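# Understanding the architecture of this molecule
Each chain is listed here by its residues.
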Amino acid sequence: MVICIVALIVFSFLSILSARYRPLAKDAFKCVFLMIQFKPCDVRLEEKIKSKVTSKLMRMPKLARLFYRHFRPISWIFTIAFFASLIYSAYGIYNLLVFGSCDPSSATCEITSLLYLISCYEIETVSIIAIISIILFIYFYFKKKNIKIVIK
Amino acid sequence: MIEITDKEFREKVLKKSLKIPVVVDFYANWCGPCKIISPLLERLEKEYKNGFVLVRINIDENEETTKTYEIKSIPSVKMIKEGKVVAEFAGALGEEVVREWLDRNL
(Lines give C-alpha, C1' and ligand atoms only; values in the text may rest on other atoms or scores of the structure.)
Protein backbone atom coordinates (compact mmCIF):
# COMPACT_ATOMS: atom_id res chain seq x y z
CA MET A 1 0.00 0.00 0.00
CA VAL A 2 2.76 2.44 0.96
CA ILE A 3 4.44 2.04 -2.39
CA CYS A 4 1.54 3.77 -4.16
CA ILE A 5 2.43 7.16 -2.61
CA VAL A 6 5.97 6.91 -3.90
CA ALA A 7 4.70 5.42 -7.17
CA LEU A 8 2.33 8.35 -7.67
CA ILE A 9 5.14 10.91 -7.35
CA VAL A 10 7.69 8.92 -9.35
CA PHE A 11 5.36 7.83 -12.15
CA SER A 12 3.74 11.26 -12.38
CA PHE A 13 7.16 12.70 -13.07
CA LEU A 14 8.11 9.89 -15.46
CA SER A 15 4.82 10.15 -17.32
CA ILE A 16 5.69 13.72 -18.30
CA LEU A 17 8.70 12.33 -20.13
CA SER A 18 7.21 9.10 -21.45
CA ALA A 19 3.66 7.91 -22.12
CA ARG A 20 4.71 4.40 -21.08
CA TYR A 21 4.38 5.32 -17.43
CA ARG A 22 1.01 7.06 -17.62
CA PRO A 23 -1.15 3.99 -16.91
CA LEU A 24 0.93 3.29 -13.80
CA ALA A 25 0.67 6.92 -12.70
CA LYS A 26 -3.09 6.71 -13.20
CA ASP A 27 -3.27 3.51 -11.13
CA ALA A 28 -1.09 5.06 -8.42
CA PHE A 29 -3.39 8.07 -8.28
CA LYS A 30 -6.43 5.82 -7.95
CA CYS A 31 -4.68 3.85 -5.25
CA VAL A 32 -3.73 6.94 -3.22
CA PHE A 33 -7.22 8.35 -3.70
CA LEU A 34 -8.72 5.15 -2.28
CA MET A 35 -6.14 5.02 0.47
CA ILE A 36 -7.02 8.47 1.82
CA GLN A 37 -10.62 7.31 2.00
CA PHE A 38 -9.48 4.27 3.99
CA LYS A 39 -10.67 2.00 1.19
CA PRO A 40 -8.65 -0.95 -0.06
CA CYS A 41 -6.62 -0.41 -3.21
CA ASP A 42 -8.25 -2.50 -5.94
CA VAL A 43 -6.03 -1.64 -8.89
CA ARG A 44 -3.39 -4.27 -8.01
CA LEU A 45 -0.70 -1.65 -8.37
CA GLU A 46 1.79 -3.55 -6.24
CA GLU A 47 1.41 -6.61 -8.45
CA LYS A 48 1.86 -4.55 -11.60
CA ILE A 49 5.01 -2.85 -10.32
CA LYS A 50 6.32 -6.13 -8.93
CA SER A 51 5.92 -7.99 -12.22
CA LYS A 52 7.18 -5.07 -14.28
CA VAL A 53 10.37 -4.63 -12.24
CA THR A 54 10.92 -8.39 -11.94
CA SER A 55 10.68 -8.78 -15.72
CA LYS A 56 13.30 -6.05 -16.13
CA LEU A 57 15.55 -7.83 -13.65
CA MET A 58 15.24 -11.19 -15.40
CA ARG A 59 18.67 -10.67 -16.95
CA MET A 60 19.95 -11.36 -13.44
CA PRO A 61 17.69 -14.20 -12.23
CA LYS A 62 19.03 -14.24 -8.68
CA LEU A 63 18.36 -10.55 -8.25
CA ALA A 64 14.91 -10.90 -9.84
CA ARG A 65 14.06 -13.77 -7.45
CA LEU A 66 15.28 -11.77 -4.48
CA PHE A 67 13.23 -8.77 -5.55
CA TYR A 68 10.09 -10.86 -6.17
CA ARG A 69 10.31 -12.65 -2.84
CA HIS A 70 11.10 -9.60 -0.75
CA PHE A 71 9.10 -7.01 -2.61
CA ARG A 72 7.30 -5.72 0.49
CA PRO A 73 10.37 -4.97 2.69
CA ILE A 74 12.20 -3.57 -0.36
CA SER A 75 9.26 -1.28 -1.09
CA TRP A 76 9.33 -0.13 2.55
CA ILE A 77 13.05 0.60 2.29
CA PHE A 78 12.46 2.65 -0.87
CA THR A 79 9.53 4.46 0.73
CA ILE A 80 11.51 5.39 3.84
CA ALA A 81 14.52 6.41 1.75
CA PHE A 82 12.25 8.45 -0.50
CA PHE A 83 10.66 10.39 2.37
CA ALA A 84 14.00 10.79 4.14
CA SER A 85 15.55 12.30 1.02
CA LEU A 86 12.43 14.43 0.50
CA ILE A 87 12.73 15.86 4.02
CA TYR A 88 16.47 16.36 3.62
CA SER A 89 15.95 18.10 0.27
CA ALA A 90 13.21 20.31 1.72
CA TYR A 91 15.54 21.27 4.57
CA GLY A 92 18.28 22.07 2.06
CA ILE A 93 15.94 24.19 -0.08
CA TYR A 94 14.69 26.00 3.03
CA ASN A 95 18.29 26.79 4.04
CA LEU A 96 19.10 27.87 0.50
CA LEU A 97 16.19 30.30 0.43
CA VAL A 98 16.60 31.63 3.96
CA PHE A 99 20.37 31.54 4.45
CA GLY A 100 21.62 31.27 0.87
CA SER A 101 23.40 27.98 1.48
CA CYS A 102 22.21 24.39 1.72
CA ASP A 103 24.39 23.85 4.77
CA PRO A 104 24.76 27.26 6.36
CA SER A 105 26.21 25.99 9.62
CA SER A 106 29.66 25.44 8.17
CA ALA A 107 29.54 27.78 5.22
CA THR A 108 31.42 30.88 4.32
CA CYS A 109 30.85 33.21 1.41
CA GLU A 110 33.88 33.72 -0.77
CA ILE A 111 34.27 37.33 -1.79
CA THR A 112 37.29 36.95 -4.01
CA SER A 113 37.88 34.85 -7.10
CA LEU A 114 35.28 33.15 -9.27
CA LEU A 115 33.81 31.39 -6.25
CA TYR A 116 32.03 34.68 -5.58
CA LEU A 117 29.76 33.92 -8.49
CA ILE A 118 28.46 30.71 -7.00
CA SER A 119 28.55 31.49 -3.32
CA CYS A 120 25.72 32.41 -1.00
CA TYR A 121 23.15 34.76 -2.46
CA GLU A 122 24.51 34.22 -5.93
CA ILE A 123 23.74 30.51 -5.81
CA GLU A 124 20.03 31.35 -5.72
CA THR A 125 20.40 33.26 -8.97
CA VAL A 126 22.37 30.38 -10.51
CA SER A 127 19.68 27.89 -9.36
CA ILE A 128 16.86 29.99 -10.82
CA ILE A 129 18.72 30.33 -14.14
CA ALA A 130 19.35 26.55 -14.17
CA ILE A 131 15.66 25.75 -13.48
CA ILE A 132 14.46 28.18 -16.17
CA SER A 133 16.98 26.69 -18.62
CA ILE A 134 15.75 23.14 -17.90
CA ILE A 135 12.09 24.18 -18.33
CA LEU A 136 12.91 25.95 -21.61
CA PHE A 137 14.94 22.95 -22.81
CA ILE A 138 12.04 20.54 -22.08
CA TYR A 139 9.56 22.93 -23.73
CA PHE A 140 11.61 23.28 -26.91
CA TYR A 141 12.45 19.56 -26.96
CA PHE A 142 8.76 18.62 -26.90
CA LYS A 143 7.92 21.35 -29.40
CA LYS A 144 10.62 20.16 -31.80
CA LYS A 145 9.49 16.55 -31.54
CA ASN A 146 5.88 17.76 -31.88
CA ILE A 147 4.86 15.87 -28.74
CA LYS A 148 1.71 17.01 -27.03
CA ILE A 149 0.96 16.14 -23.44
CA VAL A 150 -2.71 15.24 -23.22
CA ILE A 151 -4.22 14.88 -19.76
CA LYS A 152 -7.36 12.81 -19.89
CA MET B 1 26.16 45.91 18.78
CA ILE B 2 27.24 48.94 16.77
CA GLU B 3 27.12 49.27 13.01
CA ILE B 4 30.18 51.15 11.78
CA THR B 5 31.67 52.52 8.58
CA ASP B 6 35.21 52.99 7.23
CA LYS B 7 35.33 56.50 8.65
CA GLU B 8 34.31 55.38 12.13
CA PHE B 9 36.63 52.40 12.24
CA ARG B 10 39.58 54.21 13.78
CA GLU B 11 37.47 55.85 16.46
CA LYS B 12 35.05 53.07 17.32
CA VAL B 13 37.33 50.08 16.89
CA LEU B 14 41.02 50.90 17.09
CA LYS B 15 40.78 53.52 19.82
CA LYS B 16 38.14 51.64 21.74
CA SER B 17 40.23 48.47 21.62
CA LEU B 18 42.80 50.19 23.86
CA LYS B 19 40.25 49.97 26.68
CA ILE B 20 38.17 46.90 25.89
CA PRO B 21 38.44 44.06 23.34
CA VAL B 22 36.45 44.77 20.19
CA VAL B 23 34.95 41.96 18.15
CA VAL B 24 34.42 42.99 14.54
CA ASP B 25 31.88 41.10 12.46
CA PHE B 26 32.48 41.58 8.72
CA TYR B 27 29.26 40.79 6.88
CA ALA B 28 27.16 41.43 3.79
CA ASN B 29 23.41 41.51 3.30
CA TRP B 30 23.54 38.81 0.62
CA CYS B 31 25.54 36.41 2.78
CA GLY B 32 23.42 33.65 4.27
CA PRO B 33 25.83 32.34 6.94
CA CYS B 34 26.27 35.93 8.21
CA LYS B 35 22.60 35.82 9.23
CA ILE B 36 23.45 32.95 11.56
CA ILE B 37 26.60 34.27 13.20
CA SER B 38 25.44 37.87 13.76
CA PRO B 39 22.54 37.11 16.14
CA LEU B 40 24.75 34.63 17.98
CA LEU B 41 27.46 37.26 18.54
CA GLU B 42 24.85 39.77 19.66
CA ARG B 43 23.52 37.30 22.18
CA LEU B 44 27.01 36.53 23.46
CA GLU B 45 27.84 40.24 23.75
CA LYS B 46 24.87 40.66 26.09
CA GLU B 47 25.81 37.54 27.99
CA TYR B 48 29.46 38.58 28.47
CA LYS B 49 28.22 42.05 29.56
CA ASN B 50 31.33 44.25 29.53
CA GLY B 51 33.61 41.52 28.27
CA PHE B 52 33.84 42.90 24.75
CA VAL B 53 32.25 45.33 22.34
CA LEU B 54 30.67 43.96 19.19
CA VAL B 55 30.76 45.99 16.00
CA ARG B 56 29.49 45.10 12.56
CA ILE B 57 30.83 46.31 9.28
CA ASN B 58 29.21 45.83 5.91
CA ILE B 59 31.92 44.80 3.43
CA ASP B 60 30.04 46.09 0.40
CA GLU B 61 29.76 49.60 1.80
CA ASN B 62 33.16 49.73 3.48
CA GLU B 63 35.74 48.49 1.03
CA GLU B 64 38.69 50.27 2.62
CA THR B 65 38.52 48.34 5.90
CA THR B 66 37.72 45.14 4.01
CA LYS B 67 40.92 45.56 1.98
CA THR B 68 43.01 46.56 4.99
CA TYR B 69 42.02 43.44 6.88
CA GLU B 70 42.24 41.24 3.77
CA ILE B 71 38.75 39.83 4.11
CA LYS B 72 38.47 37.00 1.63
CA SER B 73 35.41 35.27 2.97
CA ILE B 74 32.50 36.19 5.22
CA PRO B 75 31.28 35.98 7.90
CA SER B 76 34.71 36.94 9.17
CA VAL B 77 35.09 37.75 12.83
CA LYS B 78 38.17 39.44 14.25
CA MET B 79 39.01 40.29 17.82
CA ILE B 80 40.99 43.50 18.20
CA LYS B 81 42.95 44.33 21.32
CA GLU B 82 45.13 47.43 21.61
CA GLY B 83 44.68 48.15 17.93
CA LYS B 84 45.85 44.73 16.78
CA VAL B 85 44.05 41.61 15.59
CA VAL B 86 44.65 38.97 18.24
CA ALA B 87 42.23 36.30 17.08
CA GLU B 88 39.95 35.60 14.17
CA PHE B 89 37.71 33.03 12.55
CA ALA B 90 35.62 32.73 9.42
CA GLY B 91 32.34 30.98 8.80
CA ALA B 92 29.18 30.41 10.77
CA LEU B 93 30.63 28.36 13.60
CA GLY B 94 28.51 26.77 16.28
CA GLU B 95 27.72 28.48 19.57
CA GLU B 96 30.04 26.29 21.63
CA VAL B 97 32.97 26.92 19.33
CA VAL B 98 32.41 30.68 19.35
CA ARG B 99 32.03 30.68 23.12
CA GLU B 100 35.26 28.74 23.48
CA TRP B 101 36.96 31.17 21.04
CA LEU B 102 35.84 34.12 23.18
CA ASP B 103 36.91 32.48 26.45
CA ARG B 104 40.31 31.66 25.03
CA ASN B 105 41.00 35.13 23.66
CA LEU B 106 39.32 37.62 25.96
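A quick note: this is a predicted structure, and the numbers were derived from the prediction, not measured.

Rules and cut-offs
- Residues numbered from 1 in each chain as written.
- Chains lettered and ligands numbered in written order.
- Predicted model: local features only at pLDDT ≥ 70, side-chain atom pairs only at ≥ 80, totals over all residues.
- Heavy atoms only, no water.
- Helix = DSSP H or I, 4+ residues; strand = E, 2+ residues; numbered from the N terminus.
- Buried < 20%, exposed > 50% of the residue type's maximum accessible area, 1.4 Å probe, protein only.
- Areas by Shrake-Rupley, 256 points an atom, 1.4 Å probe, with all protein chains shown as cover.
- Pairing = 2+ DSSP bridges.
- Axes fitted to C-alpha atoms, helices over the stretch in contact; angles between N-to-C directions.
- Core = buried A, V, L, I, M, F, W, Y, C linked by side-chain atoms within 4.5 Å.
- Contact = heavy atoms within 4.5 Å.
- Left-handed = near helix turned anticlockwise from the far one by under 90°.
- Salt bridge = Lys/Arg side-chain N within 4 Å of Asp/Glu carboxyl O.
- Patch = residues over 30% accessible without salt bridge, like charges linked within 9 Å, V, L, I, M, F, W, Y side chains within 5 Å.
- Lys, Arg positive; Asp, Glu negative; His and termini not counted.
- Charge placed at Lys NZ, Arg CZ, Asp CG, Glu CD.

On to the overall build of chain B, then. Looking only at helices and strands, one finds 4 helices and 6 strands in chain B. N-terminal to C-terminal, the α/β element order of chain B is β-α-β-α-β-α-β-β-β-α. Counting every position in chain B, which comprises 106 residues, the buried fraction comes to 51%. Carbon and sulfur atoms make up 48% of the accessible area of chain B, which totals about 5,600 Å².

Before going further, it helps to spend a moment on the sheet that holds strand S1 (residues 2–4) of chain B. Residues and elements named next belong to chain B. Across the sheet, 5 strands lie side by side as S1-S3-S2-S5-S6; this open sheet has mixed pairing. The open sheet has two edge strands with one neighbour each: S1 and strand S6 (84–90). Strand-to-strand twist of the sheet, defined as the mean angle between neighbouring strand axes without regard to direction, takes the value 25°. Bridge count between strand S5 (residues 76–81) and S6: 6 bridges; the pairing is antiparallel. Of the residues in S6, the one forming a bridge with Met 79 is Ala 87.

This part covers the nonpolar core. One recurring pattern in soluble globular proteins: nonpolar side chains tend to sit buried together. Of all hydrophobic cores here, the largest spans 21 residues; its most connected members are Phe9(B), Val13(B), Val24(B), Phe26(B) and Ile74(B). Mapped onto this core, the elements with two or more residues apiece are helix H1 (6–15), strand S2 (22–27) and strand S3 (53–58) of chain B. Counting residues per element, this core draws most heavily on S2(B), at 4 residues. Those residues in contact with Phe26(B), other than ones at most four positions away along the chain, are Ile57(B), Ile59(B), Thr65(B), Tyr69(B), Ile71(B), Ile74(B), Pro75(B), Ser76(B) and Lys78(B). With 18 residues, the next largest nonpolar core counts Ala7(A), Ala25(A), Val32(A) and Ile74(A) among its residues.

Residues and elements named next belong to chain A. It is the contact of helix H1 (residues 3–17) with helix H2 (residues 22–36), at a shortest axis distance of 8 Å, that shows an interaxial angle of 150°. Crossing angle aside, the handedness with which H1 passes H2 is left-handed. Note on element contacts: H2 touches H1 through Arg 22, Leu 24, Ala 25, Ala 28, Phe 29, Cys 31, Val 32 and Met 35, opposite Cys 4, Ile 5, Ala 7, Leu 8, Phe 11, Ser 12, Ser 15 and Ile 16.

Before going further, it helps to examine the pattern of salt bridges. Residues and elements named next belong to chain B. Under the counting rule described, the total for this entry stands at 10 salt bridges over all chains. Notably, a salt bridge pairs Glu 8 with Lys 12, separated by 3.5 Å at the nearest N-O pair. Taken together, the residues span about one helical turn, with Glu 8 and Lys 12 both in helix H1 at a distance of 4 residues. Of the residues examined, Glu 8 reaches a relative accessible area of 27% and is grouped as partly exposed.

What follows covers a negative patch on the surface. Residues and elements named next belong to chain B. A cluster of acidic residues, Glu 3, Asp 60, Glu 61 and Glu 63, forms a negative patch on the protein surface. Inspection of the secondary structure puts Glu 63 in helix H3 (residues 63–68). We classify Glu 63 as partly exposed; its relative accessible area is 49%.

On the surface, Ile128(A), Ile132(A), Leu136(A), Tyr139(A) and Phe140(A) cluster together into a nonpolar patch covering about 510 Å² of accessible area. By the element assignment, Leu136(A) lies in helix H7 (residues 121–144).

Moving on, we come to a positive patch on the surface. There is a patch of like positive charges on the surface, built from Arg20(A), Lys52(A), Lys56(A) and Arg59(A). For Lys56(A), a relative accessible area of 56% translates into the label exposed.

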